[in-house]
Amino acid sequence: MSAAYGFSGKTVAVFGLGASGLSVARALVAGGAHVLAYDDNRSRVADAHAAGLESSDLTSADWTKIDALVLSPGVPLTHPEPHWSVRLARQQGVEVIGDVELFCRDRQRLAPTAPLVAVTGTNGKSTTTALIAHCLDHAGRDVQMGGNIGVPILDLAPPAPNRVHVIECSSYQIDLAPSLAPSIGVHLNLSPDHIDRHGTFEHYSAVKERLSAASDVAVIGIDDPKSAEIADRVEAGGRKVLRISVHQPVEDGVYAEGSQLMLARAGEQEPFFDLAGARALRGAHNAQNAAAAVAVCLELGVDPDRLRAGLASFGGLDHRMAQVVQAGRVLFVNDSKATNADAAERALLSFERIYWIAGGRPKAGGIDSLRPLFGRIARAYLIGEAASDFAHVLEGAVDAVQCETLDVAVAAAARDAAADPHAEPVVLLSPACSSFDQFPNFEARGHAFAEAARLAADELNGQEGS
């Protein structure tokens, strides 16, 4: 754990007591701060008490005696309106920050040159973060991975000169980290997402751009217009920019030609790695993720041969195109992390014959953008709040069944896929929706799919052997 010493002897309010909030409170206490922890959910306040933390009802607190509010990234900072704790803090001129900001301040104090890789983007950031960390670890580096993926950043080992921190940053975390200045900032892509929390796509894009603009080196995907504009602006601002693409060659950076990653330096190109040899990096979206990892790791001085071995040995990320089980020809793939259409598109592009499980709590735009890929879908199995709307969009183009719940959808999809003569029919959970109508998070949804998939596979294997 990293102790947060920046507020030693001061009073800090912590709002939001999920995993990151509790991590913040522990780190601040370890650093000598007086912490007032609170949450709208009383059971979480009880959890904080059980962990030995002092709680205080911030609705009636004396904010003139509070030096900072550390806000959970899940709590609205600006839209649809600032949370009440944010309003109270701002009324008294109290700064509002997040856990990434606490880490950055301690990095500046402890080891300002310690390598910090921060990864953002609408889609692919978790896989890219995990892939970079895996390749660095494979090359023998001291690496810590966390942030928006898995481990809260303040639960990682503290910054040190030869220790690389690889962190995933959501737009919410960037918004709460004014001094975030990575050694290498990775910006993968941009598509409309989280507009309910940022108001407009322009504001969402501007928040994302801050990370690249503050980085010593910016690795930027240029396959969508907004991101290409960001790359140009960041470069014009004097930062070193390495561009990545799966659609076009670049002058400096990494790009893909089919499955081949090409390394570009000062306009000279050379083959670097063939992704056909890395099963967990299947699909164009993973070519972008791998291109970013190559650019970052080479910039950090990783030996090219060790980097190639790291790419080849990467096992993939839970809930992102994860191959759960295979029963005969039928492959079950867990892509629960695809919470919007853009993410689901990447999965649909990766397979030819798909029994698609989709739905949940819908996001802006729905699935209309996926129409060009409907020909890959043998049948759709629709669940959750979006089922009726998705059925309307699919009508006349894709045979669709409204299943309501995930277990029903998996069982039906497995039976239909097993009857398909195709060489590899795929039962794919790639919901294009958030999970919050039926599950607490996409991880729980993914675990439920994996369990149902294994049961269905056992049944199919039993039928085959009878």
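The structure this text deals with has already been given above.
Residues numbered from 1 in each chain as written. Predicted model: local features only at pLDDT ≥ 70, side-chain atom pairs only at ≥ 80, totals over all residues. Heavy atoms only, no water.

(A) Structural detail: the nonpolar core. The biggest cluster of nonpolar side chains holds 52 residues, and the ones touching the most others in it are Leu28, Leu71 and Leu180. With residues near it in sequence (within four places) discarded, leucine 71 still touches Phe15, Pro76, Leu77, Ser85, Val86, Val96, Ile97, Gly98 and Leu176. Counting 46 residues, the second largest nonpolar core, distinct from the first, contains Val117, Ala256, Leu307 and Leu317. (Core = buried A, V, L, I, M, F, W, Y, C linked by side-chain atoms within 4.5 Å. Buried < 20%, exposed > 50% of the residue type's maximum accessible area, 1.4 Å probe, protein only. Contact = heavy atoms within 4.5 Å.)

(B) A look at the pattern of salt bridges. As enumerated under the stated definition, the model contains 20 salt bridges in all. A salt bridge links arginine 353 to aspartate 420; the nearest nitrogen and oxygen atoms lie 2.5 Å apart. A residue pair is termed long-range when its members are at least 10 positions apart, and arginine 353 in the loop between helix H12 (341–348) and strand S16 (354–359) and aspartate 420 in the loop between helix H14 (406–418) and strand S19 (426–429) qualify at 67 residues. In this structure arginine 353 comes out as partly exposed when scored by relative accessible area, which is 31%. (Salt bridge = Lys/Arg side-chain N within 4 Å of Asp/Glu carboxyl O. Helix = DSSP H or I, 4+ residues; strand = E, 2+ residues; numbered from the N terminus.)

(C) Molecular detail of the packing of aromatic side chains. The tally for this structure, following the rule as stated, stands at 3 aromatic pairs. Seen in terms of ring centroids, phenylalanine 15 and tyrosine 38 are 6.3 Å apart; in terms of plane orientation they differ by 55°. Their pairing is tilted. Of this pair, phenylalanine 15 sits in strand S1 (residues 11–15) while tyrosine 38 sits in strand S2 (residues 34–38), and the two are 23 residues apart along the sequence. The two residues phenylalanine 15 and tyrosine 38 agree in class, both being buried. Relative accessible area serves as the criterion here: at 3%, phenylalanine 15 is assigned to the buried category. An aromatic cluster of at least three residues, connected via ring pairs, comprises Phe15, Tyr38 and Trp84. (Phe/Tyr/Trp six-rings, centres within 6.5 Å; stacked < 30°, edge-to-face > 60°.)

(D) Broad picture of the pairing of strand S5 (residues 116–120). For S5, the buried fraction is high: 5 of the 5 residues fall into the buried class. A two-sided burial pattern is seen for S5, the buried positions comprising Leu116, Ala118 and Thr120 on one face and Val117 and Val119 on the other. Bridge analysis of S5 against strand S7 (residues 163–168) gives 4 bridges, and the strand direction is parallel. The partner of alanine 118 across the bridge, within S7, is isoleucine 167. Sheet analysis places S5 next to strand S8 (residues 184–187), joined by 4 bridges and oriented parallel. In the strand pairing of S8, valine 117 is matched with isoleucine 184. (Pairing = 2+ DSSP bridges.)

(E) Fine view of the environment of asparagine 148. In this fold, asparagine 148 is placed in the loop between strand S6 (142–147) and S7. Taking the C-alpha atoms as reference points, asparagine 148 and glutamine 173, 25 residues apart in sequence, are found 8.1 Å from one another. When near neighbours in sequence (up to four residues on either side) are disregarded, asparagine 148 contacts Lys125, Glu168, Ser170 and Gln173. Polar contacts involving the side chain of asparagine 148 include one to the side chain of glutamate 168, which spans 2.7 Å. (Polar contact = N/O pair within 3.5 Å; in protein donor to acceptor, adjacent residues only side chain to side chain.)

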